[in-house]
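Overview (structure and organization)
Spelled out, the chains give:
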Amino acid sequence: RLEQIGQIIMVMANKGGVGKSTVSANIAAGLAAQGYRVGVADADIHGPNQSRFFGFVGERVRISKRGLSPLAFNAPGLAHPIQVGSLAFMMESDDTPIVWRDSYKHDFMHHLIGSFDWGELDFLIIDMPPGTGNELITLSDLLEGQNVAAMLVTTPQEVALMDSLKAIRFCQERGMPLLGVVENMAGVTCPHCSGEFHLFPRDHLAEALDKAGVASLAQVPFSLALASGSDSGRPV
């Protein structure tokens, strides 16, 4: 499977709720809109949300002679459908909790990459769970030696930055290339006057990224279009 995949991007956020799943889905959609062959692997075992972002809620995985078949998301303007693989496609219902010990998580990480028939891809985007625990360690070991890089998502609050810096250090200590940081929830544009303002001060974030030698790739503001696109299963 891995021999057919060009570049793997692990979208990480050591803290939950900062928007890594939203960023993962929209990076995939943006790359697909440029003509690339893209897959999205949902590695967030306890909160597999990619079924929601691509409009596949309630869908079930298919099995072929080549393994598990990802679901294909198509939209106008895409040269190739986005291939989506998620544990959500194997659950009885969306509110079924996954209560697994690490041994089961370890096995699922291998199945996510090796049992799904991804086919030939230019990019595989992996939506990682929060934390620097078993899932991240397992995938980092599994993908070692592959063309893999990390992308970090954070919000400007101090409490989010505390956790984000741990993820940056994980990448640095593992020798994993870090593309940079996407700053989510970075400001608001008023729908009435079009004025822009920030809910969270950013100075400490900019200083911490500069000190760590990590680039800020983008600042994504609060956006009604982004939120409604995520809820409706049509990434903007």
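Thresholds, definitions, all that
Residues numbered from 1 in each chain as written. Predicted model: local features only at pLDDT ≥ 70, side-chain atom pairs only at ≥ 80, totals over all residues. Heavy atoms only, no water. Core = buried A, V, L, I, M, F, W, Y, C linked by side-chain atoms within 4.5 Å. Buried < 20%, exposed > 50% of the residue type's maximum accessible area, 1.4 Å probe, protein only. Helix = DSSP H or I, 4+ residues; strand = E, 2+ residues; numbered from the N terminus. Contact = heavy atoms within 4.5 Å. Arc of directions from axis to C-beta. Polar contact = N/O pair within 3.5 Å; in protein donor to acceptor, adjacent residues only side chain to side chain. Pairing = 2+ DSSP bridges. Axes fitted to C-alpha atoms, helices over the stretch in contact; angles between N-to-C directions. 1 Å grid on protein atoms, 1.4 Å probe; cavity = no way out; pocket = protein on both sides within 12 Å on 5 of 7 lines; lining within 4 Å. Points joined across faces, edges and corners; volume = space filled by probe spheres on them.

1. Here's the deal with the nonpolar core
Counting residues in each nonpolar core, the largest one holds 39 residues, and the members touching the most others are Met-10, Met-12, Leu-124, Ile-126 and Leu-139. For this core, the secondary-structure elements that each account for two or more residues are strand E1 (5-12), helix H3 (102-114), strand E7 (121-127), helix H4 (134-142), strand E8 (148-154), helix H5 (158-174) and helix H6 (203-212). With 5 residues, H5 is the single largest residue contributor to this core. Those residues in contact with Leu-124 that sit more than four places away from it in its chain are Ile-5, Gln-7, Ile-8, Ile-9, Gly-39, Val-40, Ala-41, Ile-113 and Trp-118. Counting residues in hydrophobic clusters, the runner-up holds 29 residues, among them Ala-25, Ile-27, Phe-123 and Val-153.

2. Some details on helix H7 (residues 224-232)
One turn of an α-helix holds 3.6 residues; hence residues three or four places apart share an orientation. Here H7 has its buried residues at Leu-226, Gly-229 and Ser-230. The arc that holds every buried residue of H7, seen down its axis, measures 100 degrees, which confines them to one face. What points out from H7, more than 90 degrees from its buried face, is the exposed set Leu-224 and Asp-231. Of the surrounding secondary structure, the elements contacted by the buried residues of H7 are helix H1 (20-33), helix H2 (50-53) and strand E12 (216-220). For H7, the N-terminal capping position is held by Ser-223, with its side-chain oxygen 3.3 Å away from the main-chain nitrogen of Ala-225. Gly-233 sits one or two positions beyond H7 and adopts a positive phi of about 80 degrees.

3. Considering the sheet that holds strand E6 (residues 82-86)
With mixed pairing, 8 strands are arranged side by side in an open sheet as E5-E6-E2-E7-E1-E8-E9-E12. A single partner strand is all that each edge strand has here, and the edge strands are strand E5 (71-73) and E12. Strand-to-strand twist across the sheet, computed as the mean angle between neighbouring axes with direction ignored, equals 25 degrees. Where E8 and strand E9 (residues 178-184) come together, 5 bridges link them in parallel fashion. Bridge assignment links Thr-154 to a residue of E9, and that residue is Glu-183. Strands strand E2 (38-42), E6 and E7 of the sheet are contacted by H3, whose axis makes an angle of about 165 degrees with E2.

4. Points about the layout of surface pockets
In this model, the largest pocket occupies a volume close to 250 Å³. Of all the secondary structure elements, the ones that give two or more residues to the lining of the largest pocket are H2 and H7.

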